[in-house]
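Inside the fold
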Amino acid sequence: MKISEYRRSTRETLGRLFGDEAGPLCDVLLCAFLDVDHSKLLLMADDEIPEEITYKMSDAIDRLGMGVPVQYIIGNCWFYGLKIQVGQGCFIPRSDTENLVKAAIGIIPQGGSFVDICSGSGCISAAVSANSPDVKGCALEYSYKALPYTEKNLEAYPNVSVRRFDALDESDYDALAEQFGHRFDAILCNPPYIKREDMDTLQQQVLYEPHTALDGGEDGLDYYRTIIPLAPIILKDSGAIIFEVGAGEAEDVGNMLREAGYKVAFIRDVQGIERVVLGKKY
């Protein structure tokens, strides 16, 4: 069977499950299994599809039907122009988080330093480092399942170290400050921020991701409430905190930062939602 014919039949199959998403899902899988980009895939339309690829596609379609995210099936996703490795137990980067990266690149001084709390895949640290190679960072992640992905995605960035870190444990902040012997110019953090009562309403694909990377407590604000007062242990007096927040949480997080002595700014995403909260002392 030609690849063009296989694409057509597979899109029809996926269409019964995923509607308008069927076409992109089909091509993402085919590109990954054939190890080509989309333009190359289109040029291969008249080629015969290898039998082993049809087996892989069949298995992938079954897994998609069970709710497994396509990123877990192919083992990676794209974030800020970088291919990021992900898998079960590692939170999948979202494009919304690129707003945090843009803010970080703009605010970390030349030759400066940052910590990336709740680093997960390490996508934030990788993106900041790829665009600001003169800065030094530390990617901090608590989950033993996620840490191998943090380390893998940061192998190409020797200016960023990786450390296991509990964002809710004050002793870990003390240990980090002691280890490095200095405080950092910026704290970057995309913490769990979904309200506990909303966890059961998430899409099935999202529920395959680690709950610890999603559950922000009763009101979704547990991590902000803990990190902000502990920040001075590792953050310079003139440093900045850059948080990603959930929809409707920006003002609450902004007020926490103001009460701690920070001046606050908000950055909206493409949907107009205040997605990033920036706090800085001057």
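Residues numbered from 1 in each chain as written. Predicted model: local features only at pLDDT ≥ 70, side-chain atom pairs only at ≥ 80, totals over all residues. Heavy atoms only, no water.

**Looking at the sheet that holds strand 8 (residues 263-268)**
Selection criterion: Between any two strands, pairing holds if DSSP finds at least two bridges. What counts as a helix is a DSSP run of H or I of at least four residues, what counts as a strand is a run of E of at least two, and both are numbered from the N terminus. Lines fitted to the C-alpha atoms define the axes, with helices restricted to the stretch that makes contact. Angles between their N-to-C directions range from 0 to 180 degrees.
With respect to topology, 7 strands assemble into an open sheet ordered 5-4-3-6-7-9-8, the strand pairing being mixed. Strands at the two margins of the open sheet, each flanked by one partner only, are strand 5 (160-164) and strand 8. The mean inter-strand angle of the sheet, taken between neighbouring strand axes irrespective of direction, is 15°. Note that strand 3 (residues 113-117) and strand 4 (residues 136-141) share 5 bridges and pair parallel.

**As for the packing of aromatic side chains**
As a reminder, the rule being used: Stacked, tilted and edge-to-face are the three classes applied to pairs of Phe, Tyr and Trp rings, where Trp contributes its six-membered ring and a pair requires centres within 6.5 Å; stacked means planes under 30 degrees apart, edge-to-face means over 60, and tilted covers the rest. Charges are assigned to positions over rings by a cutoff of 6 Å between ring centre and Lys NZ or Arg CZ, combined with an angular limit of 35 degrees from the ring normal.
Tallying each qualifying case throughout the model produces 4 aromatic pairs. Arranged with centres 6.5 Å apart and planes meeting at 40°, the rings of phenylalanine 79 and tyrosine 80 form a pair that is tilted. Between phenylalanine 180 and phenylalanine 184, the ring centres sit 5.4 Å apart and the planes meet at 70°, which makes this aromatic pair edge-to-face. Taking the ring centre of tyrosine 142 as reference, the NZ or CZ of arginine 164 above it sits at 4.2 Å. Positioned above the aromatic ring of tyrosine 262, the side-chain terminus of lysine 281 is 4.8 Å from the ring centre.

**Concerning the pairing of strand 4**
Here is the key point about a regular strand: its side chains alternate between the two faces of the sheet. Heads up, the rule is: Think of it in three bands: residues with accessible area under 20% of the maximum for their type are buried, residues over 50% are exposed, and the middle band is partly exposed, with areas taken using a 1.4 Å probe on protein chains only. The definition of a right-handed crossover adopted here requires that, viewed with the strands pointing away, the path from the first strand over the helix to the second runs clockwise.
Taking burial as the measure, the 6 residues of strand 4 include 5 buried ones, the bulk of the element. Remark: the strand 3/helix 7 (residues 123-131)/strand 4 crossover connection has right-handed handedness. The pairing of strand 4 with strand 5 spans 5 bridges and is classified as parallel. Across the sheet, residue glycine 137 finds its bridge partner in strand 5, namely valine 160.

**Side note on a negative patch on the surface**
Here is the rule we go by: Only residues whose relative accessible area exceeds 30% and that form no salt bridge enter a patch; like-charged residues are grouped when within 9 Å of one another, and nonpolar side chains (Val, Leu, Ile, Met, Phe, Trp, Tyr) when within 5 Å. Reported accessibility uses the Shrake-Rupley method at a 1.4 Å probe radius. Residues are deemed covered only where the shown protein chains occlude them. Salt bridges are defined as contacts in which a side-chain nitrogen from Lys or Arg sits within 4 Å of a carboxyl oxygen from Asp or Glu. Residues scored as charged are limited to Lys and Arg (positive) and Asp and Glu (negative), so that His and the chain ends carry no count. Lysine's charge is taken at NZ, arginine's at CZ, aspartate's at CG and glutamate's at CD.
A contiguous patch of negative charge on the surface is contributed by Glu5, Asp46, Asp47 and Glu48. Tracing the chain through its elements places aspartate 46 in the loop between helix 3 (38-43) and helix 4 (51-65).

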